[in-house]
Every structure is written in structure tokens, then in C-alpha cells.
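Take a look at the letters that make up each chain.
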Amino acid sequence: MKAIAAVFTATALLVAGPALASEDLSKKHKCTTCHDASAKKIGPTWKEIAAKRKGDKASVIAAIEKGVKGEYGKVPMPPQPGAKADADELATWILTH
């Protein structure tokens, strides 16, 4: 019985681990200052970005690295050079919303 519980726990951690890591990255790079999963802030929600980009990870990475102007309203998102090393993981995570 304990072995079964251990397997389920390990599986849950493997599935949740990347999601938590990417949420931590979004906080590390201060993405959460302007973005949230579902609450509108200065920028679009993660859900709005995922819906608009429709799985196009390259365009999310480009937005992180080069910035975005005029796609989600009047407030532009400046380039995020500090997040460049984590852009791939952040983009993957954003598109899961």
C-alpha cells in the first residue's frame, strides 16, 4: 500500500514540478508584475496570450526577448533581456494556460 502511495506521489511531483518551476521563473523575472493567469493587470493574462498564440511557442519567445507593441492594447511590453535564458521554459508554461 505504501509503495502505491509513493508511486502516486512521485508521479504528481513529476507532473507538477515543471509547472511550479515555471511559475517561479515568472516571479523571478517579474512577469507577474504585469501578468496573471486569469486576472487582468497591466498586460494580458496568461490565458489571453495562450489563446492568441495558439501553441506558437516561437512567437511567445520572440515577445519575451524582443517585446510586443500594439497586440494587446496600448501598453507595450518592453524586451526582457534578463529572461532570455529562461524564455523557452516560460513560453511553454504560458501556453499551458
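Just so it is clear, the structure is predicted and the values come from calculations on it, not from any experiment. (Residues numbered from 1 in each chain as written. Predicted model: local features only at pLDDT ≥ 70, side-chain atom pairs only at ≥ 80, totals over all residues. Heavy atoms only, no water.)

What to know about the packing of aromatic side chains
Moving on, step 1. Under the counting rule described, the total for this entry stands at one aromatic pair.
Moving on, step 2. Summarising the aromatic geometry, the rings of W46 and W93 are spaced 5.3 Å apart at their centres and angled 65° between planes, so their arrangement reads as edge-to-face. Highlighted residues: W46 in helix α2 (residues 46-53) and W93 in helix α4 (residues 87-94), separated in sequence by 47 residues. Neither W46 nor W93 differs from the other in exposure class; each is buried.
Moving on, step 3. The ring centre of Y72 lies 4.6 Å from the NZ or CZ of K52, which sits over that ring. (Phe/Tyr/Trp six-rings, centres within 6.5 Å; stacked < 30°, edge-to-face > 60°. Helix = DSSP H or I, 4+ residues; strand = E, 2+ residues; numbered from the N terminus. Buried < 20%, exposed > 50% of the residue type's maximum accessible area, 1.4 Å probe, protein only. Lys NZ or Arg CZ within 6 Å of the ring centre and 35° of its normal.)

Examining the packing of helix α3 (residues 57-66) against α4
Moving on, step 1. Packing of α3 against α4 brings their axes to within 9 Å, and their N-to-C directions diverge by 125°. For the element pair α3 / α4, the angle class is oblique. Relative to α4, the crossing made by α3 is right-handed. Residues K57, V60, I61, I64 and E65 of α3 form the contact with α4, whose participating residues are A87, D88, L90, A91, T92 and I94.
Moving on, step 2. Here the residues of the contact of α3 with α4 are counted per class, giving seven nonpolar, one polar and three charged. (Axes fitted to C-alpha atoms, helices over the stretch in contact; angles between N-to-C directions. Parallel < 35°, antiparallel > 145°, perpendicular 65-115°, else oblique. Left-handed = near helix turned anticlockwise from the far one by under 90°. Contact = heavy atoms within 4.5 Å. Nonpolar A, V, L, I, M, F, W, Y, C, P; charged D, E, K, R; others polar.)

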